[in-house]
Number of protein chains: 2
Amino acid sequence: MNKIGVSIRDVARETGLSTATISRVVNGGRKVSEKTRARVLEACARLDYLPNPAARALSTRRSKAVAAIIPTIEHSVFAKFIAAIERALGERGYSLIMAISNADETEELAAARKLLGMGADALILSGLDHSDLLLDMLERRAVPYVFTSAWDARSARPTIGYDNALLAERAMHHLADHGHRRVAVVHGPLAESDRTRARRAGAMSVSDRFEHLAFFEAPLDVAGGKACVSAALEDPRDFTAYLCSTDVLALGAYFACAEAGKRIPQDVSVMGFDNLDWSRDIVPPLTTIDLPAVGMGEMVAHRIVAYLEDGAPLQNELLTAQIIERGSVADLT
Amino acid sequence: MNKIGVSIRDVARETGLSTATISRVVNGGRKVSEKTRARVLEACARLDYLPNPAARALSTRRSKAVAAIIPTIEHSVFAKFIAAIERALGERGYSLIMAISNADETEELAAARKLLGMGADALILSGLDHSDLLLDMLERRAVPYVFTSAWDARSARPTIGYDNALLAERAMHHLADHGHRRVAVVHGPLAESDRTRARRAGAMSVSDRFEHLAFFEAPLDVAGGKACVSAALEDPRDFTAYLCSTDVLALGAYFACAEAGKRIPQDVSVMGFDNLDWSRDIVPPLTTIDLPAVGMGEMVAHRIVAYLEDGAPLQNELLTAQIIERGSVADLT
DNA sequence: TGTTGAAATGTAACCGGTTACACCGCACCT
DNA sequence: AGGTGCGGTGTAACCGGTTACATTTCAACA
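These remarks concern the structure in this document. Not measured: the values here are computed from a predicted model. (Residues numbered from 1 in each chain as written. Chains lettered and ligands numbered in written order. Predicted model: local features only at pLDDT ≥ 70, side-chain atom pairs only at ≥ 80, totals over all residues. Heavy atoms only, no water.)

**Concerning the packing of helix H2 (residues 19–26) of chain B against helix H3 (residues 34–47) of chain B**
Residue and element names in this part refer to chain B.
- Where H2 meets H3, the axes come as close as 10 Å, and the angle between the chain directions of the two elements is 85 degrees. One finds that H2 runs roughly perpendicular with respect to H3. For the pair H2 and H3, contact is made by Thr21, Ile22, Val25 and Val26 and by Thr36, Arg37, Val40, Leu41 and Cys44, respectively.
- Considered class by class, the residues forming the contact of H2 with H3 number 6 nonpolar, 2 polar and 1 charged. (Axes fitted to C-alpha atoms, helices over the stretch in contact; angles between N-to-C directions. Helix = DSSP H or I, 4+ residues; strand = E, 2+ residues; numbered from the N terminus. Parallel < 35°, antiparallel > 145°, perpendicular 65-115°, else oblique. Contact = heavy atoms within 4.5 Å. Nonpolar A, V, L, I, M, F, W, Y, C, P; charged D, E, K, R; others polar.)

See below:
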């Protein structure tokens, strides 16, 4: 029974019809006469009938819930992403069940167990690297899933995202094109994220355009970026530009510069990654890469629903991202 | 059946026991011999048996999912709150289903319909004001719920949160105590949020300590705060301090000051509300009110689960918040 | 040895939908 | 008149657990 105890059988009794007919009306089935349909709808409204989702899920084997596991939700591009997924799923009658992994494979596995144990129809994961146990479980249970926030042409598993390595490479070219030869790359913990590793590798691949190219690993928050850049500002290599693998780190870089009395971009250039909402408002406005978090969320939701409803196969999908040139990178040429 | 087609009856057949016994073992029931328990557990593992959540929900009338509707998830205290809820629910074996209302009552109602239609056992709402249709629905369906991020001693419905009016009042006293007499309060859209209205009312209640007290309504994001403060800096009343109803708006205020060449706190003081992660890293560090987002999330989760499992009644719970004094408010005395 | 009762297990009804299939009535055709 | 087809509806078997109640087992005790 639902909370007020009205079941489909009550509606059937009330209208003198069978539960089959009620079910057909409620689900918009085609083979019902207009007269009957109206009568049923009226009775449903009058009795305040609401189908029991568990019963429905049991007999259809579909919960209409999609699960997503993300590393973090706080001040970052993931919040936008997850909000877009939630909206897009909602428009199609699906709900989002969410869990946060704190970028930890063990937590991710536990979260996946929990979410699948709740009956999620599909799973959205962040990044490409996941525990083998998790992957095995997905295969064994034949759960549809996608990897997001990354893209790998050669991946046998569906990835929907952007090419982190390429974007980092493009960012480095942008700095090089502006005459920067001594650059520091500030990124989050390598151990935690394949996306971070991809960005680092991408940046590294164009090292020949630089005199000095240093990589710094910092905790992935504003304080981490700030501390890291504060220290790097003392570095004898005297970097002219900082490429931050996240706008969050870039914000920390701004604060480090403010504290050290360095002006951006006159003394130091800073470039970000993400294009968070405040990036264009900060002073000076931050040059960054506009990651398509919203578009990615929508695409992921569309594709998952298309798979669930029509069996459209999940595939690799590459999303593009643009460098947004604003005022934080000086032209030294 | 679950995805690989193993049901409780398969395990029963495999072990030569009845489904009742399997069920008892799986649910940690007490009346099973150790020998049997071990045998069942072994069979479950071998067959990779996973209970079907829909079947379980159908017969227990419990989905073990809690729904939350929040106005926004992007760069704000809500992300912390929701993350804490998710974690705390997870520890107790519950999942979080989330929807975003964009601070719109109609969207909120639609979201509630959807989430309840998914079978959520309880509903977490933000703020005190909600559409009557929503409230009626909750009562009719006897859905347990709490209002959060606000507290009202006189509320007949359970509220778990802080006293927004009182906190705003305390913030204003803080400014007055530091010798500020010309203060501007920057807040989000009044129409959207009872919390905003409460904060405004609280600030207003101590207007007699000020020469000039102005209220500005801005879009609730960094750009909004920046534009609003940029304009206010031109105001002939020459405010010495800006109280921002969110750190997000305060960040905008910082940027406005940076652009206008005003130094904080030498030329202008800024005070926030929330204590977001970067608040202590910004230069100068932001004086703000440390809202207990994490503690609130945990308490909400605890209380809801306690109600669901033990029937412990949901009540009003007041959480306290402290002013964190940092460097952004000048002492003019 | 028979009695008693607690512990362990089984039986089967039930939760509330969905849906394959059977059936009915009626219009239309030959 | 009898046959055909189809739209509309009902019957009842599922989906996969939970659990009240019945039943069996067996140790302890008079």
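**Focus: the pattern of salt bridges**
Residues and elements named next belong to chain A.
- Applying the stated rule across the entire model yields 38 salt bridges over all chains.
- Ionic pairing is found between arginine 237 and aspartate 235, a salt bridge with its closest N-O pair at 3.0 Å.
- On the basis of relative accessibility, which here comes to 14%, the residue aspartate 235 falls in the buried class.
- Taken together, the shared-partner salt bridges in this structure form one network comprising Glu14, Glu42 and Arg46. (Salt bridge = Lys/Arg side-chain N within 4 Å of Asp/Glu carboxyl O. Buried < 20%, exposed > 50% of the residue type's maximum accessible area, 1.4 Å probe, protein only.)

**What about the nonpolar core?**
- Grouped together as the largest cluster of nonpolar side chains are 161 residues, with contacts concentrated most on Ile73(A), Met172(A) and Ile73(B).
- Residues contacting Ile73(B), with those up to four places away along its chain left out, are Ile73(A), Ala79(A), Ile82(A), Ala83(A), Ala79(B), Ile82(B), Met98(B) and Ile100(B). (Core = buried A, V, L, I, M, F, W, Y, C linked by side-chain atoms within 4.5 Å.)

**Details of a negative patch on the surface**
Residue and element names in this part refer to chain A.
- Where like charges cluster on the molecular surface, the negative patch consists of Asp104, Glu105, Glu107, Asp132, Asp136, Glu192 and Glu217.
- Secondary-structure elements contributing two or more residues to the negative patch are helix H6 (105–117) and helix H7 (132–141).
- The topology assignment puts glutamate 105 in helix H6. (Patch = residues over 30% accessible without salt bridge, like charges linked within 9 Å, V, L, I, M, F, W, Y side chains within 5 Å. Areas by Shrake-Rupley, 256 points an atom, 1.4 Å probe, with all protein chains shown as cover. Lys, Arg positive; Asp, Glu negative; His and termini not counted. Charge placed at Lys NZ, Arg CZ, Asp CG, Glu CD.)

**Considering the sheet that holds strand E9 (residues 269–271) of chain B**
Residues and elements named next belong to chain B.
- The 4 strands are arranged E7-E6-E8-E9 in an open sheet whose pairing can be described as parallel. Each end of this open sheet is capped by a strand with a single partner; those strands are strand E7 (212–217) and E9. Between one strand axis and the next, the sheet turns through 20 degrees on average, direction left out of account.
- Two elements, strand E6 (residues 182–187) and E7, share 6 bridges in a ladder whose sense is parallel. Among the inter-strand pairings, alanine 184 is bridged to a residue of E7, identified as alanine 214. (Pairing = 2+ DSSP bridges.)

**Section: the side chain of Ser328(B)**
Residue and element names in this part refer to chain B.
- Mapped onto the fold, serine 328 is located in the segment after strand E12 (322–324).
- Accessibility expressed as a relative area gives 0% for serine 328, which makes it buried.
- Reaching out from serine 328, the side chain makes a polar contact with the backbone oxygen of valine 270 at a distance of 2.5 Å.
- Within the structure, the side chain of serine 328 is placed 2.8 Å from the backbone nitrogen of threonine 287, a separation counted as a polar contact.
- When neighbours within four sequence positions are excluded, serine 328 is seen to be in contact with Tyr254, Ile264, Pro265, Val268, Ser269, Val270, Pro284, Pro285, Leu286 and Thr287. (Polar contact = N/O pair within 3.5 Å; in protein donor to acceptor, adjacent residues only side chain to side chain.)

**Remarks on the interface of chain B and chain A**
- Each side of the interface is counted separately: chain B has 54 residues, and chain A has 53 residues.
- Summed over both partners, the interface of chain B with chain A buries about 4,700 Å², with 63% contributed by carbon and sulfur atoms.
- Seen at the junction of chain B and chain A, the total is 4 salt bridges.
- In this structure, Glu86(B) and Lys114(A) form a salt bridge, with 3.4 Å as the shortest nitrogen-oxygen distance.
- On the surface where chain B and chain A come into contact, there are 14 residue pairs in polar contact (both at pLDDT 80 or more).
- A breakdown of the residues in the side of chain B that touches chain A according to their chemical character gives 32 nonpolar, 7 polar and 15 charged.
- Sheet topology note: the strand E2 (residues 95–100) of chain A/strand E2 (residues 95–100) of chain B ladder contains 3 bridges and is antiparallel. (Buried area = accessible area lost by both parts, 1.4 Å probe.)

**Brief notes about the layout of surface pockets**
- Reported here for the second largest pocket is a volume of approximately 1,000 Å³.
- Along the walls of the second largest pocket sit 42 residues, with Pro71(B), Thr72(B), Ile73(B), Asn102(B) and Ala103(B) positioned nearest its centre.
- Going through the elements one at a time, helix H5 (77–91) of chain A together with helix H5 (77–91), E2, helix H6 (105–117), helix H9 (194–204) and helix H10 (222–232) of chain B are the ones with two or more residues in the lining of the second largest pocket.
- Element by element, the count of residues in the lining of the second largest pocket is highest for H5(A), at 5 residues. (1 Å grid on protein atoms, 1.4 Å probe; cavity = no way out; pocket = protein on both sides within 12 Å on 5 of 7 lines; lining within 4 Å. Points joined across faces, edges and corners; volume = space filled by probe spheres on them.)

**Focus on the packing of aromatic side chains**
- For the structure shown, the criterion picks out 6 aromatic pairs over all chains.
- Between Tyr145(A) and Phe147(A), the ring centres sit 5.5 Å apart and the planes meet at 35 degrees, which makes this aromatic pair tilted.
- The class of Tyr145(A) is buried, set by a relative accessible area of 9%.
- Taking the centre distance of 6.0 Å and the plane angle of 75 degrees together, the rings of Phe239(B) and Tyr242(B) count as edge-to-face.
- Look at Tyr242(B) and you get buried, because its relative accessible area is 1%.
- Through successive ring pairs, a cluster of aromatic residues spans Phe216(A), Phe239(A) and Tyr242(A).
- Over the aromatic face of Phe215(A) sits the side chain of Arg200(A), whose NZ or CZ is 4.6 Å from the ring centroid. (Phe/Tyr/Trp six-rings, centres within 6.5 Å; stacked < 30°, edge-to-face > 60°. Lys NZ or Arg CZ within 6 Å of the ring centre and 35° of its normal.)

**Considerations on the relation of the copies chain B and chain A**
- The two copies are related by a screw motion: chain B maps onto chain A through a turn of 180 degrees and a shift of 0.0 Å along the axis, at an RMSD of 0.1 Å. Here the copies are linked by what is in effect a two-fold axis.
- Comparing contact sets, 98% of the residues at the interface of chain B also lie at the interface in chain A, consistent with an isologous, same-surface contact. (Least-squares fit on C-alpha atoms with pLDDT ≥ 70 in both.)

From the geometry alone we can't say anything about function, so treat these as descriptive.
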